[in-house]
Amino acid sequence: MPRTSFDISISQLKVNLLDYGARVERVIGESMESLKTRDRALAEAIIQNDALLNETRYELEDQCYTLLATQSPMAHDLRDIISILMVAIELERIADHAKNIAEITIYMGNEPLLKPLIDLPRMAELCQLMLTRALDSFAKQDADEAKAVAAMDDEIDNLYKQVFRELMSYIVEDPRTVTRAMNLLFAGHNLERIGDCITNIAERVVYAVTGRLEELNVQRQI
Amino acid sequence: MMQMQAKLDTIPAALSVAPASIVKMQAEKLSVYYGAFRAIAEVTLPIHDRHITAIIGPSGCGKSTLLRAFNRMHDLIPNARVEGKLTLDGEPLYGPGIDVVDVRRRIGMVFQRPNPFPKSIYDNLAYGPRLYGVNKKATLDDLVEKSLRGAALWDEVRDKLHQSALALSGGQQQRLCIARALTVEPEVVLMDEPCSALDPVATIKIEDLMRELRNNYTIVIVTHNMQQAARVSDYTAMMMMRPDRAGEMIEFDLTRTIFTNPQDKRTEDYVTGRFG
């Protein structure tokens, strides 16, 4: 016996979440683009747009609370709604990290880049791919895929370590580069955090599908 | 780091293990027949001491039949018979030489509709003890007060103990019936849909009372209200009707597991409101 209107509400909530996820995925790419091309107008637009992304998160949250309060969801329904709630929060956090990168673009002004960006854009691309696959695994209720997504975080962490070492060598060689190096390091740090947020999303997918709360990618020391 | 990892690993296991408790009653392959018709089939279920066990399932799945088997209520129905094993503290409840009256004293019951006797509040409560030969006024006074306090009703009725119990509200009447069940100092209290005739406020009062009583009594509750089972019980047993119309138990687990991650698809469908 289906619960028609409730089932429609949950499906709609999932669609809303996936739409939100697609918008957040785009903003990761845009923030890196703004840094790479020193496009301050784009960076400004990202910062403006962040308020809208925050609003969407509250809307999603509100929809989840309404279903929790009025429908008394149990078992898989309960896990789905709780996961949507948690994923929405992670997505907003990811958007904040992207906004931080846009802020770095503005902060750097016209100062030339310390070095051509190679690893940072690679990190951003990986984050985008990871997020797309994580959301896909939620749509398909595929816990194995979610675990595979979480494992991709290692690659992001390795790139971050590489960026870290490289920038440190610049600073050691010429301490006057410290500000410029730190700006890029902050950008890398934000991307590394995005990878962690996506790992959290993957954990929520595993919970929704299996009912098991498990840490997927235990943080290693940097 | 390694140590923390080990600790994290143990958490899910710890949560999935039932808190240590003693099994107060145990049904093993318990079947109940009404004549040739088998109403419940081979139910195996532990009832944990001083915990609340809820029995849930769609209408007609044999929840009440199972509950009634627990204090031998079926003895009163012609043609009804029970097969299998049922124990209280490890001792069989069915068998030659068992005193049925004593079984029903140790295992009390509260019914769906409040059913106070058409007597005063006091006499409702003194009725059971008097049957068991307690006649001293001071002792009865003490028992009445203790039971009313136990059922969280004392403050509301202390000044009208000699008024008719029928003048109480439905919720108060039901708490009176719980108090009455407590007067004979049972070990287990069976509750068959104890709140289905009550409004939400009275329902919450009974549920709070159940959580209180849980400290001293073992409680088994049959309920159609899944939220109630989720709110009050520690363990939940899920029953279903088989194609031959006999009720069977399909899943038993900690209540939090039944309502967040049930293992049987039929339980999932039932608790999510997609069946029954």
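Here the structure is shown first, and the text comes after it.
This section reports on the structure supplied with the text. (Residues numbered from 1 in each chain as written. Chains lettered and ligands numbered in written order. Predicted model: local features only at pLDDT ≥ 70, side-chain atom pairs only at ≥ 80, totals over all residues. Heavy atoms only, no water.)

1. Here we look at helix α3 (residues 75-108) of chain A
All names here are of chain A.
Inference 1: Look at α3: 50 Å from first C-alpha to last across 34 residues, which is about the 50 Å you get at 1.5 Å a residue.
Inference 2: Extensive coverage of α3 is indicated by the burial of 24 of its 34 residues.
Inference 3: Taken from the residues just after α3, G109 is the one with a positive phi, measuring 55°. (Helix = DSSP H or I, 4+ residues; strand = E, 2+ residues; numbered from the N terminus. Expected span 1.5 Å × (residues − 1). Buried < 20%, exposed > 50% of the residue type's maximum accessible area, 1.4 Å probe, protein only.)

2. Regarding unusual backbone geometry
Residue and element names in this part refer to chain B.
Inference 1: Positioned with a positive phi, D89 is a non-glycine residue whose angle comes to about 50°.
Inference 2: Structurally, the position occupied by D89 is in the loop between β4 (80-88) and β5 (91-92).
Inference 3: By relative accessible area, which is 41% here, D89 ends up partly exposed.
Inference 4: Despite not being glycine, E193 shows a phi value in the positive range, around 50°.
Inference 5: Of note, E193 is situated in the loop between β7 (188-192) and α8 (200-213).

3. So, the interface of chain A and chain B
Inference 1: Contact residues are listed per partner, giving 17 residues for chain A and 16 residues for chain B.
Inference 2: For the pair chain A and chain B, the summed buried surface comes to about 1,400 Å²; carbon and sulfur atoms form 49% of the total.
Inference 3: There are seven residue pairs in polar contact (both at pLDDT 80 or more) connecting chain A and chain B.
Inference 4: Of all the secondary structure elements, the ones that give two or more residues to the side of chain A that touches chain B are α1 (4-36) and α3 of chain A. (Contact = heavy atoms within 4.5 Å. Buried area = accessible area lost by both parts, 1.4 Å probe. Polar contact = N/O pair within 3.5 Å; in protein donor to acceptor, adjacent residues only side chain to side chain.)

4. With respect to the side chain of Q228(B)
Inference 1: With respect to the element layout, Q228(B) can be found in helix α9 (residues 226-232).
Inference 2: In contact with Q228(B), other than residues within four places in its own chain, are C195(B), T203(B), E207(B), I221(B), T223(B) and S233(B).

5. Looking at a nonpolar patch on the surface
Inference 1: On the surface, V101(B), Y127(B), L131(B) and Y132(B) cluster together into a nonpolar patch covering about 410 Å² of accessible area.
Inference 2: Examined against the element boundaries, L131(B) turns out to sit in helix α4 (residues 121-131). (Patch = residues over 30% accessible without salt bridge, like charges linked within 9 Å, V, L, I, M, F, W, Y side chains within 5 Å. Areas by Shrake-Rupley, 256 points an atom, 1.4 Å probe, with all protein chains shown as cover. Salt bridge = Lys/Arg side-chain N within 4 Å of Asp/Glu carboxyl O.)

6. So, the nonpolar core
Inference 1: Core analysis: the biggest nonpolar cluster contains 66 residues, and L35(A), L91(A), I94(A), L120(A), L131(A), L191(A) and I198(A) have the highest contact counts within it.
Inference 2: Of all elements in the fold, only α1, α2 (40-71), α3, α4 (119-139), α5 (143-151), α6 (153-173) and α7 (178-210) of chain A reach the threshold of two or more residues within this core.
Inference 3: Sequence-distant contacts of L120(A), defined by excluding residues within four places in its chain, comprise M32(A), L35(A), V163(A), L184(A), A187(A), G188(A) and L191(A).
Inference 4: Counting residues in each nonpolar core, the second largest holds 47 residues, with A151(B), L176(B), I178(B) and L198(B) among its members. (Core = buried A, V, L, I, M, F, W, Y, C linked by side-chain atoms within 4.5 Å.)

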